[in-house]
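Here's the letter readout for the chains.
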Protein chains: 2
Amino acid sequence: MKDKILKILRDSDDYVSGEKISDQLGISRAAVWKHIRSLRADGCEIISATNRGYLLKHADLITTEAISDGLNTEFIGRNIFYFAETDSTNNRAKAEHDAPDGSLFIAETQNGGKGRRGRAWTSPKGTGIFMSLLLKPDIPPEEISRITLIAGLAVCRAVGNGAMIKWPNDVVIGSKKICGILTELAAEDDMISYVVCGIGVNVNTEKFDDELAERATSLLIETGRKQKRAEIVRKILEEFEVLYKEFLQNRLDNILPEYEKRCVTVGREVSVVYRNKSVSGKAIGVTADGALIVDTPDDKITVNSGEVSVRGIYGYI
Amino acid sequence: MKDKILKILRDSDDYVSGEKISDQLGISRAAVWKHIRSLRADGCEIISATNRGYLLKHADLITTEAISDGLNTEFIGRNIFYFAETDSTNNRAKAEHDAPDGSLFIAETQNGGKGRRGRAWTSPKGTGIFMSLLLKPDIPPEEISRITLIAGLAVCRAVGNGAMIKWPNDVVIGSKKICGILTELAAEDDMISYVVCGIGVNVNTEKFDDELAERATSLLIETGRKQKRAEIVRKILEEFEVLYKEFLQNRLDNILPEYEKRCVTVGREVSVVYRNKSVSGKAIGVTADGALIVDTPDDKITVNSGEVSVRGIYGYI
């Protein structure tokens, strides 16, 4: 019924009276009002005016139907777990790890979202994408970091607007972060049981708190336009599937050239922790294994992981 | 109170009457009986005879007290979760992964014990050791298989009686399996969150079912003597701690010579799956990374993991 009301509002350029909706669908005015309230909770911006009725100003649903409608993938996101609120979608995916390969876990808001190394990740309701993919690749545990890389590339392709990857697991526009990725792994000996790839994207955030504003941005801030989150989710899922299949076939071989082009870290001065020491140098590329190559005054080193500061990004000067 | 009754029985070479116990401890005869029943459930073999009382024939407890008493470790097994029955100790450890590094999870029986690749692992009550260690090593995910190797070596040292390692994760006496190891891993990107190392040892099993009898043995069958499981658990914990600390310091460098000597696989004809093909050859050693080196008619190959059949072991002829 909610979907039918949404369709009526979508099909109209002007206000639709509650009476008209109630007549058309054969439900009470109170029921119409209840569904309108529910649509608003799902992320629809619906204006109501006395004697005029309801006007859909912006429908930004990320419900199962909103995402599935027009999704062009084979298995990524074909099975969707939607949460109005949850602790973190990564936790939900881990708890449901018997769900099919490619299952999507998505929430309007997370009350326990987290980033790398247990850092908190704020998840304001209705403006962001907080999603996790459950994956069951037949790869050894050491290749998990490549999943993060291809997820970053998928997000870049999906959000456009000059998005670049800050190696290994952030996506930036200009010098500010628009997306973070946290990949988790469960393995038995040498065999991956499952991987959970969590992706958080700032979409329609209007403003960040002072401290965060220096480091974070959103698609709304960058483009000046409200975005439809379901569309972006679909694009991420579609781009991810293409890259993931390619990865399972040929690892990073064919992906690397685009990755390096999209990697804001490459070509810049960086500061990395290497063998427990802070080392500075110029990032000059990424290896076939996804490691960062840094040209330091002493030597060329490859960094597999960890904290990297990039000059000019997030206020590192 | 149970412990006090156990002490009275332990200190006596002959039957002790229920009356004497009840007088000595100031509890009712019914209470004595209740505790005796509970001690039996914990694995004590207590005979009772009319007009004579109770005789402790064999005390084989693996309760927290039984294991802690005389345990000489710094952090391995200092924190113990004991279960009369549970699904699997690996599952318990994963569920309690915020517990301290080195925590031990041990059960009298498991109703959902499992081996590699989801195979069932039978856990007969009161005769085996079903234990898992929760570990939080600061190592990359790809080193997880080394934990299995050092656990195997710890078990070999602890059980003695010519126990050898069948690479990578079984311990055998002669041609039959006495122990299986299943190591599981949770990681965030390049950082291990925690490792659960599950160890199952056949200790006082008197007889295996026909099918299993060809492949499995127990310490009782091999030595003709009932063993005290708590003693073996303590030895495993102590040997594991020594090897684990050495591993965290120097990886396998100093462990490898003993490992190769104790590895029944090395020097034998083996059949392995390599690049999706079954390949036969002679196992000639183990690399510093813990991989098996196999000399095949075509080439020397190193096998990181997976299924290995060893001629002469478990009926592979």
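In this text, all values refer to a predicted model and were calculated from it rather than measured experimentally.

Let's shift gears to the relation of the copies chain A and chain B. Taken as rigid bodies, chain A and chain B are interconverted by a rotation of 179° and an axial shift of 0.0 Å, the fit giving an RMSD of 0.1 Å. Both copies are brought into coincidence by an operation consistent with a two-fold rotation axis. A share of 100% of the interface residues of chain A reappears at the interface of chain B, consistent with the copies meeting face to face through the same patch.

Residue and element names in this part refer to chain B. Helix length check: helix H6 (residues 144-159), at 16 residues, gives a terminal C-alpha distance of 23 Å against a target of 22 Å (1.5 Å per residue), a fit within 8%. Burial within H6 is extensive, with 14 of its 16 residues counted as buried. Of the residues trailing H6, Gly160 is marked for its positive phi of about 60°.

Of all hydrophobic cores here, the largest spans 157 residues; its most connected members are Met131(A), Ile199(A), Phe240(A), Met131(B), Ile199(B) and Phe240(B). Apart from residues no more than four positions distant in its own chain, Met131(B) is found in contact with Thr89(B), Leu104(B), Phe105(B), Ile106(B), Cys197(B), Gly198(B), Ile199(B), Val233(B), Ile236(B) and Leu237(B). By size, the runner-up hydrophobic cluster in this structure holds 17 residues, among which are Ile8(B), Ile21(B), Val32(B) and Ile46(B).

This part takes up the domain arrangement of chain A. All names here are of chain A. Taken domain by domain, chain A consists of domain 1 (2-58), domain 2 (64-262) and domain 3 (269-310). Taking the mean C-alpha position of each, domain 2 and domain 3 sit 24 Å from one another. At the junction of the two partners, domain 2 supplies 12 residues and domain 3 supplies 15 residues. Of the roughly 1100 Å² buried where domain 2 meets domain 3, counting both sides, 54% is carbon and sulfur surface. Per-residue buried area on domain 2 facing domain 3 is highest for Lys166, Trp167 and Glu260; these three make up 47% of the total on that side. At the junction of domain 2 with domain 3, the criterion picks out 1 salt bridge. Between Asp289 and Arg146 there is a salt bridge, and its shortest N-O distance comes to 3.3 Å.

Residues and elements named next belong to chain B. Burial runs high along strand S9 (residues 191-202): 10 of the 12 residues are buried. Pairing between strand S5 (residues 128-135) and S9: 8 bridges, direction antiparallel. Across the sheet, residue Ser132 finds its bridge partner in S9, namely Gly198. Sheet topology places strand S8 (residues 176-188) next to S9; 10 bridges connect them, and they run antiparallel. Counted as the bridge partner of Ala186 is Tyr194 from S9. Between the antiparallel neighbours S8 and S9 lie 2 residues, among them Asp189 with a positive phi of about 50°.

Turning our eyes to something else, we now look at the sheet that holds strand S12 (residues 292-295) of chain A. Residue and element names in this part refer to chain A. In space, the 5 strands of this open sheet follow the order S13-S12-S11-S10-S14, with antiparallel pairing throughout. Each edge of the open sheet is held by one strand with a lone partner, namely strand S13 (300-303) and strand S14 (308-310). For this sheet the average axis-to-axis angle between neighbouring strands, irrespective of direction, equals 40°. As paired elements, S12 and S13 share 4 bridges and run antiparallel to each other. Within the sheet, the bridge partner assigned to Val294 lies in S13 and is Ile301.

Attention now goes to the interface of chain A and chain B. Accessible area lost upon the coming together of the parts serves often as the stated size of an interface. Across the contact, 23 residues belong to chain A and 23 residues belong to chain B. Of the roughly 1700 Å² buried at the junction of chain A and chain B (both faces included), carbon and sulfur atoms supply 43%. Among the residues chain A hides against chain B, the three largest losses belong to Glu188(A), Asp189(A) and Asp190(A). Together they make up 37% of the total. Across the chain A-chain B interface, the total number found is 2 salt bridges. Across the pair Lys114(B) and Glu188(A) runs a salt bridge, and its minimum N-O distance is 2.9 Å. If you look at where chain A meets chain B, you find 8 residue pairs in polar contact (both at pLDDT 80 or more). Every element with two or more residues in the side of chain A that touches chain B is listed here: helix H6 (144-159) and strand S8 (176-188) of chain A. The leading source of residues in the side of chain A that touches chain B is S8(A), at 8 residues. In the sheet, S8(A) pairs with S8(B) via 5 bridges, with the strands oriented antiparallel. Bridge pairing in S8(B) links Glu188(A) to Glu184(B).

This brings us to the pairing of S8(B). Moving residue by residue along a regular strand, the side chains alternate between the two faces of the sheet. All names here are of chain B. Most of S8 sits inside the fold, with 12 of its 13 residues counted as buried. One ladder, built from 4 bridges, connects strand S7 (residues 170-173) with S8; its direction is antiparallel. In the sheet register, Ile173 faces S8, and the bridge partner there is Lys176. Hairpin connection of S7 to S8: 2 residues between the antiparallel strands, including Gly174 at a positive phi of 60°.

With the rule as written, the count across this model stands at 6 aromatic pairs over all chains. Where Phe81(A) meets Phe105(A), the ring centres are 4.3 Å apart and the plane angle is 5°; that geometry is what we call stacked. Of this pair, Phe81(A) sits in strand S3 (residues 80-86) while Phe105(A) sits in strand S4 (residues 104-110), placing them 24 residues apart in sequence. For Phe105(A), a relative accessible area of 0% corresponds to the buried category. Considering the side-chain rings of Phe75(B) and Tyr244(B), the 6.2 Å spacing of their centres and the 50° angle between planes classify their relative orientation as tilted. One end of the pair, Phe75(B), is in the loop between helix H4 (64-68) and strand S3 (80-86); the other, Tyr244(B), is in helix H9 (residues 229-250), with 169 residues separating them in the sequence. Considered together, Phe75(B) and Tyr244(B) belong to a single accessibility category, that of buried residues. The cationic tip of Arg251(A) hangs over the ring face of Phe247(A); the distance from NZ or CZ to the ring centre is 5.2 Å.

A few words now on the pattern of salt bridges. Residues and elements named next belong to chain A. Applying the stated criterion across every chain, the model contains 33 salt bridges over all chains. Between Arg52 and Asp14 there is a salt bridge whose closest N-O contact spans 3.5 Å. You can see Arg52 sitting in the loop between strand S1 (44-49) and strand S2 (53-59) and its partner Asp14 sitting in the loop between helix H1 (2-10) and helix H2 (18-25), a full 38 residues away along the chain. Among the salt bridges present, the one from Glu241 reaches Lys245, with a minimum N-O distance of 3.8 Å. Remark: Lys245 and Glu241 occur in helix H9 (residues 229-250); sequence separation between them is 4 residues, near one turn of the helix. For Glu241, a relative accessible area of 7% translates into the label buried.

About the cut-offs
Per chain, residues are indexed from 1 in the order of the written sequence. Chain A is the first chain written and ligand 1 is the first ligand written, with later ones labelled in order. Whole-chain, interface and lining totals are the exception, using all residues; otherwise, since this is a predicted model, local features are given only for residues with pLDDT of at least 70 and side-chain atom pairs are given and counted only at 80 or more. The basis for every side-chain value is the complete set of non-hydrogen atoms in the structure, without hydrogens or water. Residues below a pLDDT of 70 in either copy are left out; the C-alpha atoms of the rest, at least 70 in both, set the least-squares superposition of the copies. It only takes one pair of heavy atoms within 4.5 Å for two residues to be counted as in contact. Helix numbering and strand numbering both begin at the N terminus, where a helix is a DSSP run of H or I of at least 4 residues and a strand a DSSP run of E of at least 2. Under the convention used throughout, the expected extent of a helix is 1.5 Å for every residue step, that is, one less than its residue count. Accessible area is worked out with a 1.4 Å probe on protein chains only. A residue is then buried under 20% of its type maximum, exposed over 50%, and partly exposed in between. The term nonpolar core refers to a set of buried residues drawn from Ala, Val, Leu, Ile, Met, Phe, Trp, Tyr and Cys, joined through side-chain atoms within 4.5 Å. Segmentation into domains, and thus their bounds, comes from an automatic or database assignment. A quick way to say it: buried area is the sum, across both parts, of accessible area lost when two parts are put together, with a 1.4 Å probe. Salt bridge, as used here, is a side-chain nitrogen of Lys or Arg placed within 4 Å of a carboxyl oxygen of Asp or Glu. Two strands make a pair as long as DSSP finds a minimum of two bridges between them. In this analysis an axis means a line fitted to C-alpha atoms, helices contributing only their contacting stretch, and an angle means the value between N-to-C directions, from 0 to 180 degrees. Any pair of nitrogen or oxygen atoms within 3.5 Å is treated as a polar contact; in protein, a donor-acceptor pairing is required on top of that, and neighbouring residues in sequence qualify only through side-chain atoms on both sides. Each aromatic pair joins two rings of Phe, Tyr and Trp (for Trp, the six-membered one) with centres within 6.5 Å, and gets the label stacked for planes under 30 degrees apart, edge-to-face for over 60, and tilted for any other angle. Comment: the charge-over-ring label is applied if NZ (Lys) or CZ (Arg) is within 6 Å of the ring centre and within 35 degrees of the ring normal.

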